[in-house]
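Fold and contact review
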Amino acid sequence: MGDEQNPLTRGAAALVALAAAVLLLAGCSGSVARSSEPGIPDGLSIDQSEDLGAAAGWIVEGEIFAVVTWGSSSCPRAPVGLEAVSVDQLDLTFDAPSGVVCTADMAATTHTFDLPTVITERPITITVSYRDWDGTDTLTLD
């Protein structure tokens with residue numbers, strides 16, 4: 001076969017290159033969350049108001065917490081800032097994707113976070129702000 005490359009080898013190389021590009025872009029997303037997954041996981045106890053604002057709950061009491069946000073299922077907001085303001089207060093900032101067309105549906109996304117070690121008091125107040133919207137949500141973790 002000389003210098004000709006097998007079509008299957010070229011296809012595999014293209015898939016590896018695509019996977020590497022996706023991982024590189026994911027690493028550049030700037031998210032401060034441990035994870036962000038569609039939906040609300042079974043067993044997560046949250047106080048969800050009727051207005052579909054953000055809600056918070058414990059994944060692992062005192063260590064890992066979750067914040068559920070609502071928005072487009074194809075373009076969920078990403079957490080881009082988490083700051084401990086005091087021993088019982090966090091500021092959490094979300095940003096929406098830009099330059100993309102998003103579905104006009106309303107779906108939950110659950111974001112999990114490590115509790116910063118400087119947070120030592122309860123209840124914890126989480127002020128959630130949005131770069132693409134002037135509103136805020138104030139959440140409480142007991």
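Our structure's up above, just so we're on the same page.
Residues numbered from 1 in each chain as written. Predicted model: local features only at pLDDT ≥ 70, side-chain atom pairs only at ≥ 80, totals over all residues. Heavy atoms only, no water.

1. Brief notes about the sheet that holds strand S8 (residues 133-141)
If you walk across this open sheet you meet the four strands as S4-S5-S7-S8, and the pairing is mixed. At either margin of the open sheet sits one strand with a lone partner, and together these are strand S4 (78-86) and S8. Averaged over all adjacent pairs, the angle separating strand axes in this sheet is 20°, with direction ignored. Sheet analysis places strand S7 (residues 124-130) next to S8, joined by seven bridges and oriented antiparallel. Residue Ser129 lies in a different strand from S8, and its bridge partner there is Thr136. (Pairing = 2+ DSSP bridges. Helix = DSSP H or I, 4+ residues; strand = E, 2+ residues; numbered from the N terminus. Axes fitted to C-alpha atoms, helices over the stretch in contact; angles between N-to-C directions.)

2. Thoughts on the pattern of salt bridges
Tallied over the full model, the rule gives three salt bridges. A salt bridge links Arg77 to Asp132, with the nearest nitrogen and oxygen atoms 3.1 Å apart. Taken as a pair, Arg77 in the loop between strand S3 (64-71) and S4 and Asp132 in the loop between S7 and S8 lie far apart in primary sequence, 55 residues in all. The exposure class of Arg77 is partly exposed, given its relative accessible area of 22%. For the salt bridge of Arg131 with Asp95, the shortest nitrogen-to-oxygen distance reads 3.8 Å. Residue Arg131 is found in the loop between S7 and S8, and its partner Asp95 is found in strand S5 (residues 89-95); the two are separated by 36 residues along the sequence. For Asp95, a relative accessible area of 25% corresponds to the partly exposed category. (Salt bridge = Lys/Arg side-chain N within 4 Å of Asp/Glu carboxyl O. Buried < 20%, exposed > 50% of the residue type's maximum accessible area, 1.4 Å probe, protein only.)

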